[in-house]
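The chain contents come next:
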Amino acid sequence: MYYPPKNNLEYSQQRLDGILSRRRLCFNPYTVSDERLLEIAQTTGWGGDLDITEIVTLHFTRMREVKDFRQYDGIYMTIGESREEIYVPLGALKNPITANDTIQPERTWVGKKPIRNVEDVISLVGKTYFVSRKVRGVNIRGENRVAYRMHRIIGKVTRDASTIREAMCAAKIEMLERILANPQSRDYLDCRKGFFDYETRLRLAIEIISKFHGATPESH
């Protein structure tokens, strides 16, 4: 759904300041040990309005029919170390959304493959995934939905830590580039392209993140 940008300089500058200062974006996963990184991924919840990246671990537990004001299939999951199950409609993962920023179809991805059908959703059950980012948008009914970028976690510390580090950095750069391309989105700066010089700071942030891998982990 498209909303005309506000084009309010103070507001857009505050949005830029807020986005670039968020801990999830600034965190360099190469500065901590493998064990500490996995702990962070297991204990961090969903980000807020200004967070363009995520540090969340999901474990999908089961499929079950849900009955509220309508009847549908839901996929249940736990978040991080919590034992509380929550669910989302199967269609929320299976169907594309219209992204708020590009106004184009966007799907949830697992690794390098998009989720496209019921079988793809069912295959998540019993497995654990790290979520590196989500793109906000709406479904065909105009309801708010998100498209996730998920990465399989297999329970091997070194491999999982490597997966999370690579996913984190890729997501940071991807989302900063989406802001550069779509500053007009209300999820980002809410201003037209070139309204003020946001590009210098965004490109500097991308450059800094691209060099994260050279950091030396702290000892634990």
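Note: the structure precedes this text.
A brief look at the structure comes next. Position numbers for residues start from 1 in each chain and track the written sequence from start to end. Note on the predicted model: pLDDT of at least 70 is required for a residue's local features to be given, and 80 or more for side-chain atom pairs to be given and counted; whole-chain, interface and lining totals, by contrast, use all residues. With hydrogens and water set aside, each side-chain value is computed from the structure's full complement of heavy atoms.

### Focus on the overall build of the chain
Counting its regular elements, the chain contains 7 helices and 9 strands. Each radius of gyration reported is based on C-alpha atoms, and the globular scaling rule is 2.2 Å times the count of residues to the power 0.38. A compact globule built from 220 residues should have a C-alpha radius of gyration of about 17 Å, and the chain, at 18 Å, falls within 12% of that. Structurally, the chain occupies a C-alpha span of about 50 × 50 × 25 Å along its principal axes. Summary of the burial criterion: residues with accessible area below 20% of their type's maximum are buried, those above 50% are exposed, and those between are partly exposed, where the area comes from a 1.4 Å probe applied to protein chains only. The buried share among the 220 residues of the chain stands at 46%. Once local pairs closer than 6 in sequence are excluded, the contacts in the chain between residues at least 24 apart make up 61%. Accessible area of the chain: about 11700 Å², with a carbon and sulfur share of 49%. Numbering of helices and strands runs from the N terminus; a helix is a DSSP stretch of H or I covering at least four residues, while a strand is a stretch of E covering at least two. Any two residues whose heavy atoms approach within 4.5 Å are treated as being in contact. Only the protein chains shown count as cover for residues, and all accessible areas are computed by the Shrake-Rupley method using a 1.4 Å probe.

### Some words on helix α7 (residues 199-210)
For a helix, the expected span equals 1.5 Å multiplied by the number of residues minus one. With 12 residues, α7 extends 16 Å between its outermost C-alpha atoms, agreeing within 8% with the 16 Å of an ideal straight helix rising 1.5 Å per residue. Every buried residue of α7 is accounted for by L202, A205, I206 and I209. Each buried residue of α7 sits inside an arc of 100 degrees when the element is viewed along its axis, so together they form one side. In this fold, the buried residues of α7 make contact with α1 (9-21), α2 (23-26) and α6 (157-181). Here the arc refers to the directions that run from the helix axis out to each C-beta atom.

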